[in-house]
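Analysis of the macromolecular model
Listed below are the residues making up each chain.
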Amino acid sequence: MLKTFAGWLLSAAMASAFAAPALTDVRGVQVASQMASQAPLLSSHSVLVMNSQTGEALYQKNINQRLPIASITKLMTAMVVLDAGLDLNEAVTISDAEIDRLKNTHSRLAVGSTLTRRELLLLALMSSENRAAAALARSYPGGTAAFVARMNRKARALGMRDAAFYDATGLDLRNSATAADLALMVKAAYGYPLIRQDSTTQQHAVYSGANRLLQYKNSNALVRGGEWDIGLQKTGYIQEAGRCMVLHATVGSQPLVIVLLAANGPAARVNDAKAIRTWLEGHPGSWLAG
């Protein structure tokens, strides 16, 4: 009998007992036996496709390998901000502390720009704006150190036993987790209506300093394309992590959690997601519950 992911979700202590689906091919890919026909060849090094309702793992590859997660981190950042019940209308000013000195990435949010915490949260989730995420952590009671500590406590509470967080942006390559961990995080984040809304907003404009209007768009091409039913998403990229993506999306009327880590090339994570969708839609009778 195929054991599902449901038991893993119920208790972190049972994670080691999570059994793989019945079929394993020469690539190390494991799929539910009823889905074995023409399982896709994916670029992502680590993959988990899980039916969010039943907990059944439909496709998995290297799901217990701990990897850098880049800006997938920002889902945890958002949950910690919202858990704290902070005033989302409070103004937060971008400071020198938000300048990226790890990767030297660029941001259009100039030092001195003032936005509401609500706007920072939107930009962090929708456009993966690093200074926005860093400012959210710095403006937390106790500052960035207290914020990161809270991120790690939240991870433990969710049963993310192999996850570790060192900053709120994901620029720190030590921010890491397994695909199994991230499935737990996606399911938890999906319970926050504002995270669902912000992560799937296609575009938004904010005023930044001297009434300068900045136009932002969603970092996820699947959201921008408008052809998917996506309830939550987050992309991530640093060189050490490769291209990453997590989704909570509906395919064939059923909700799925999809985790893609360490994909090769700019379009690889999107192509992998499309291949998964095509594969699942090609087997409607074998995995879709009534």
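Keep in mind the model is a prediction, meaning the values are calculated, not measured.

1. Considering the overall build of the chain
Per the secondary structure count, the chain includes 10 helices and 13 strands. Sorting the 290 residues of the chain into buried and exposed places 53% on the buried side. Contacts in the chain between residues at least 24 apart in sequence constitute 63% of all its contacts with a sequence separation of at least 6. Per element, the accessible surface of the chain, about 11900 Å² overall, is 50% carbon and sulfur.

2. Here we look at the UniProt feature "active site" (unreviewed entry) in the chain
On the UniProt side, "active site" (unreviewed entry) is annotated at positions that read Ser71, Lys74 and Ser128 here. Spanning 58 residues, the named residues form one tight spatial group whose C-alpha atoms are at most 7.6 Å apart. With respect to the secondary-structure elements, Ser71 resides in the loop between strand S5 (67–68) and helix H2 (73–83). Apart from the residues within four sequence positions on either side, Ser71 is in contact with Ser128, Asn130, Thr169, Gly170, Lys234, Thr235, Gly236 and Tyr237. With respect to the helices, strands and loops of the structure, Lys74 is situated in helix H2. Overall, the relative accessible area of 1% leaves Lys74 in the buried class. Residues contacting Lys74, with those up to four places away along its chain left out, are Ala124, Leu125, Ser128, Glu129, Asn130, Ala133, Ala168, Thr169 and Lys234. Polar side-chain contacts of Lys74 include one of 2.6 Å to the side chain of Ser71.

3. Some words on the pattern of salt bridges
Overall, the coordinates contain 7 salt bridges when judged by the stated rule. The shortest N-O distance in the salt bridge between Lys154 and Asp83 comes to 2.9 Å. Within this pair, whereas Lys154 is found in helix H5 (residues 143–157), its partner Asp83 is found in helix H2, the two being separated by 71 residues in sequence. A salt bridge links Arg138 to Glu98; the shortest N-O distance between them is 2.7 Å.

4. Structural notes on the UniProt feature "binding site: substrate" (unreviewed entry) in the chain
Cross-referencing UniProt, the feature "binding site: substrate" (unreviewed entry) maps to Lys234 in the present numbering. Topologically, Lys234 is positioned in strand S11 (residues 229–238). Under the relative-accessibility criterion, Lys234 is labelled buried at 0%. Discounting residues that sit within four places of it in the chain, Lys234 has contacts with Ser71, Ile72, Lys74, Leu75, Ala124, Leu125, Ser128, Ser219, Cys244, Met245 and Val246. At a separation of 2.8 Å, a polar atom in the side chain of Lys234 contacts the side chain of Ser128.

Analysis parameters
- The residue count restarts for each chain, going from 1 along the sequence in the order it is written.
- Restriction of local features to residues with pLDDT of at least 70 applies here, the model being predicted, together with a cutoff of 80 or more for giving and counting side-chain atom pairs; totals for whole chains, interfaces and linings are based on all residues.
- The basis for every side-chain value is the complete set of non-hydrogen atoms in the structure, without hydrogens or water.
- For the purposes of this entry, the term helix denotes a DSSP run of H or I that reaches at least four residues, the term strand denotes a run of E that reaches at least two, and both are numbered from the N terminus.
- The classification of residues rests on relative accessible area computed with a 1.4 Å probe and restricted to protein chains. Under 20% of the type maximum is buried, over 50% is exposed, and intermediate values are partly exposed.
- Every residue pair with non-hydrogen atoms within 4.5 Å of one another is taken to be in contact.
- Here the open area of atoms and residues is found with the Shrake-Rupley method and a 1.4 Å probe, where only the protein chains shown may cover a residue.
- UniProt positions are given in the numbering used here, feature names are shortened, and annotations may be inferred rather than shown by experiment.
- We define a polar contact as two N or O atoms separated by no more than 3.5 Å, with the added condition that, inside protein, one atom must be a possible hydrogen donor and the other a possible acceptor, whereas residues neighbouring each other in sequence contribute only through side-chain atom pairs.
- Just to be clear on terms, a salt bridge is a Lys or Arg side-chain nitrogen sitting within 4 Å of an Asp or Glu carboxyl oxygen.

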